[in-house]
Amino acid sequence: MHILITGGAGFIGSHLSERLIQNGHDVTVLDDLSTGQISNLAAIADHSAFRFVEGSILDRALVAKLVTAADVVFHLAAAVGVKLIMDEPSQSMLTNVAGTENVLDAALQNGAHTFIASSSEVYGKATKFPFQEEDDLTIGATKNLRWSYACAKTLDEFLALAHARESGLPVTILRFFNTTGPRQTGRYGMVLPNFVKSALENAPLIVHGTGKQSRCFGHVADVVEAMCRLMNTPAARGEVFNIGTDQEVTIHGLAEQIIKAVGSDSDIQLVPYEQVYPEGFEDMQRRLPDVSKLERITGFRPMLPLSQIIDDIANEMRLPLTA
Ligand code: NAD
């Protein structure tokens, strides 16, 4: 099959590109290299079944040309990360809404199965745990621009599901929970690579707030496995899936585990949110997915433990030092 991956030079997209090439598919990546890097694609850059196109999902003509040539589209390109969203809110909203509209409009022309990358952020401040795909979504006030990312992703979901209903477009919504692993950059506030880097440098690990907030971290290899299975499962069409693990860890506990795993002398420093983000910033205490729907439909449940994620990221960061 010919598969288009928008945002394929990014963290998740580059792992997915490698895997789909391995599985014998033709892969085209469209990426503007804003947060992604061409070096992420080094392993497949010269493969005859791979093609890289530098450009934006906001370029309607380019998107139309690439989407209509594809059998399957993974739409991963987006402005990602709380820090980037808070620093550039209007541009982020444009990318995350208008870009998705362009992809879906083009897919309507040829009926390509289109996967839309959504996020656990859409659950917002929901307090019923674990989060299930059919649950109500609870978003904060518009004055707090943090919620613009969740709203943009929610709108993407609505738009995709509306096209599925009105035109029979095959769409699948992927609600990623915290996904991490090698190649994830800490530049935009991603906690795990930042902590591992600080621990390797024996620098303090900066925990925002009390550190009692918890998250579930999924290994990118598991997430890519889930995506490939959903691509090959007709019952996934028209459906929404939580993708992640349900193994919870507090952010303070995560910092402790990383310090121990890499044998670091770092200490942990708690920093109030007000010192890092604009006034009124809200963070969620918990974000716990119910992944039983993914398991029921695909027979697969993400399993790789946090210890392996930490080891894989630390090994990748150590490599340039020992090369
Ligand atoms: P990433 O930043 O590594 O990947 C995003 C890619 O999109 C980058 O390569 C970037 O250069 C590209 N991009 C951004 N704007 C673009 C534009 N206008 N045109 C073309 N390309 C553009 O992030 P990621 O973690 O790989 O995220 C992939 C997707 O998964 C995103 O849609 C994100 O919202 C979603 N997601 C990720 C996580 C996670 O934990 N990693 C969690 C929830 C949702």
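Higher on the page you've got the structure.
Residues numbered from 1 in each chain as written. Predicted model: local features only at pLDDT ≥ 70, side-chain atom pairs only at ≥ 80, totals over all residues. Heavy atoms only, no water.

(A) View of the site of the ligand. Close to the ligand lie 29 residues, the nearest being Phe11, Asp31, Thr35, Leu76 and Tyr149. Protein contact buries 94% of the 820 Å² of open area that the ligand shows by itself. When contributions to the shell around the ligand are tallied by element, the ones reaching two or more residues are α1 (11-22), β5 (113-119) and α5 (147-167). Tallied by class, the residues present in the shell around the ligand amount to 13 nonpolar, 13 polar and three charged. (Near = heavy atom within 4 Å. Areas by Shrake-Rupley, 256 points an atom, 1.4 Å probe, with all protein chains shown as cover. Helix = DSSP H or I, 4+ residues; strand = E, 2+ residues; numbered from the N terminus. Nonpolar A, V, L, I, M, F, W, Y, C, P; charged D, E, K, R; others polar.)

(B) Representation of the nonpolar core within the structure. In this structure, Ile5, Leu16, Leu20, Phe74, Leu76, Phe176 and Met227 are the most contacted members of the largest nonpolar core, which totals 34 residues. Looking at this core, the elements with two or more residues in it are β1 (2-6), α1, β2 (26-31), β4 (72-75), β5, β6 (171-176), α7 (220-231) and β11 (239-243). In terms of residue count, α7 provides more of this core than any other element does, eight residues in total. In contact with Leu20, not counting residues within four places along its chain, are Ile3, Ile5, His25, Val27, Phe74, Cys228 and Met231. Within the second largest apolar cluster, 23 residues are counted, among which are Leu62, Val73, Val103 and Ala107. (Core = buried A, V, L, I, M, F, W, Y, C linked by side-chain atoms within 4.5 Å. Buried < 20%, exposed > 50% of the residue type's maximum accessible area, 1.4 Å probe, protein only. Contact = heavy atoms within 4.5 Å.)

(C) View of the sheet that holds strand β3 (residues 50-54). Here seven strands make up an open sheet; going across it, the order is β3-β2-β1-β4-β5-β6-β11 and the pairing parallel. Here the strands that pair on one side only, and so sit at the sheet edges, are β3 and β11. Shown here is a sheet whose adjacent strand axes are inclined to one another by a mean of 20 degrees, direction ignored. Two strands pair when backbone bridges link them, and β1 and β4 are joined in this way by four bridges, in the parallel orientation. If you follow Ile5 over to β4, its bridge partner there is Phe74. (Pairing = 2+ DSSP bridges. Axes fitted to C-alpha atoms, helices over the stretch in contact; angles between N-to-C directions.)

(D) Main features of the pattern of salt bridges. Applying the stated criterion across every chain yields a total of 16 salt bridges. One network of salt bridges, with partners in common, ties together Glu121, Arg146, Arg215, Asp283 and Arg287. (Salt bridge = Lys/Arg side-chain N within 4 Å of Asp/Glu carboxyl O.)

(E) Structural context of unusual backbone geometry. Of note, the amide linkage connecting Phe129 to Pro130 takes the cis form, showing an omega dihedral of -10 degrees. Following the sequence through the fold, Pro130 ends up in the loop between β5 and α5. Within the chain, Leu33 stands out as a residue other than glycine whose phi angle is a positive 60 degrees. Its location among the elements puts Leu33 in the loop between β2 and β3. The phi torsion at Arg183 lies on the positive side, around 80 degrees, for a residue other than glycine. When you line up the elements, Arg183 lands in the loop between β7 (179-180) and α6 (191-200). Overall, the relative accessible area of 21% leaves Arg183 in the partly exposed class.

Function cannot be read off these values alone, since they describe shape.
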